[in-house]
Amino acid sequence: VQEANDTPGADVILVPDGDFFLSIAGRGEDAAATGDLDITSEISIVGSAPNRVTISADSLDRVFDVQMGGSLFLASVSVVDGLENASEGGGGIRNRGTLSLQSCEVRNNVSDDGSSGFGGGLSSTGTLVVNDSSINDNRAGTAAGLGGGLYAESGTLTNTVIFWNSVGDTSGINGAAGVFHNGPVAIRNCTIVDNSGGILGAVAGFVGTPTVRNTIIADNTSTFGGGDCLAVESEGYNLIEDASACT
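In this text the structure is predicted, and so the values were computed from the model without any measurement. (Residues numbered from 1 in each chain as written. Predicted model: local features only at pLDDT ≥ 70, side-chain atom pairs only at ≥ 80, totals over all residues. Heavy atoms only, no water.)

Draft legend 1. Focus on the overall build of the chain. The helix and strand tally for the chain stands at 1 helix and 31 strands. Over its C-alpha trace the chain gives a radius of gyration of 17 Å, about what one expects of a compact globule, namely 18 Å for 247 residues. Overall, the C-alpha framework of the chain stretches about 50 × 35 × 30 Å when taken along its three principal axes. Every one of the 247 residues in the chain was classed for burial, and the buried ones make up 55%. (Helix = DSSP H or I, 4+ residues; strand = E, 2+ residues; numbered from the N terminus. Rg over C-alpha atoms; globule rule 2.2 N^0.38 Å. Buried < 20%, exposed > 50% of the residue type's maximum accessible area, 1.4 Å probe, protein only.)

In structure tokens, the structure reads:
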């Protein structure tokens, strides 16, 4: 990754079958030398096949940090065991540039500074596209959190399953155990189920109204109510179990 960052033009990294662990401790460094893998140029990382390549941060840091001006296309890779504990968001991946996930899994990541966090699996303040992927078993915050699975200021999710994510919900501002939006988000052909915690349901946000089409939102639990979602714009063909707050 360091060599690709330093090489002009776009680079492709092909990853063979296997489990790969980040092992050099050192948070807060932005040249991919320690801690997470920082992306500062245009890089594609392509695994051999879905569910056969795992990159784990082993709780040393998050796994990927896409910097402003950076671009990451990630395909057929599982991103696991990331930990962000400095109130910066993105337990598994933080995106401030351009991020595209294809046939990926974002699993078992945490954003938690000891009390709060956001984007347990993934946080994005840049350009985001997620296709044919899963975001599951992630957590944002202990007492308060936003977006247990995903926090996004914009983005498009297609054919993606978001499940078993959670947010802290004992104090402070918290909500959207599945997807928390802070801008325009489009959700197409997705399944958002079995997420838990918060006061705003599994899909909610402060800014904008997400558009939802051909999507299942069900079996999510919210400690203080809120149903499965809050203020979504339906484009049809959805199955929402508790739509009482989805207007």
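Draft legend 2. Molecular detail of the sheet that holds strand 13 (residues 110-111). If you trace the 4 strands from one edge of the open sheet to the other, you get 9-13-18-23, paired in parallel fashion. Unpaired on one side and paired on the other, strand 9 (83-84) and strand 23 (166-167) mark the two borders of the sheet. With 2 bridges connecting them, strand 9 and strand 13 associate as parallel partners. Paired with Leu83 across the two strands is Val110, which belongs to strand 13. (Pairing = 2+ DSSP bridges.)

Draft legend 3. Here's a closer look at the pattern of salt bridges. All told, the structure shown has 11 salt bridges when counted by the stated rule. Put simply, Glu88 and Arg94 hold a salt bridge, and the shortest N to O gap is 3.8 Å. For Arg139, the salt bridge goes to Asp112, with nearest N and O atoms at 2.7 Å. Of the two residues, Arg139 is situated in strand 18 (residues 139-140) and Asp112 in the loop between strand 13 and strand 14 (116-118); the sequence distance between them amounts to 27 residues. Salt bridges here are not isolated pairs; linked through shared partners, they connect Asp36, Arg62, Asp65, Glu88, Arg94 and Arg96. (Salt bridge = Lys/Arg side-chain N within 4 Å of Asp/Glu carboxyl O.)

Draft legend 4. Structural detail: the pairing of strand 25 (residues 185-188). Both strand 21 (residues 155-158) and strand 25 contribute to a ladder of 4 bridges, which runs parallel. Among the inter-strand pairings, Thr158 is bridged to a residue of strand 25, identified as Arg188. Bridge count for strand 25 against strand 28 (residues 211-213) is 3 bridges, and the pairing is parallel. By the bridge assignment, Ala186 is partnered in strand 28 with Thr211.

Draft legend 5. Layout of the packing of aromatic side chains. This structure, assessed with the given rule, holds 4 aromatic pairs. Between Phe163 and Trp164 the ring centres are 5.0 Å apart and the planes differ by 70 degrees, which places this aromatic pair in the edge-to-face class. Here the aromatic cluster, defined as three or more aromatic residues joined through ring pairs, consists of Phe118, Tyr151, Phe180 and Phe206. (Phe/Tyr/Trp six-rings, centres within 6.5 Å; stacked < 30°, edge-to-face > 60°.)

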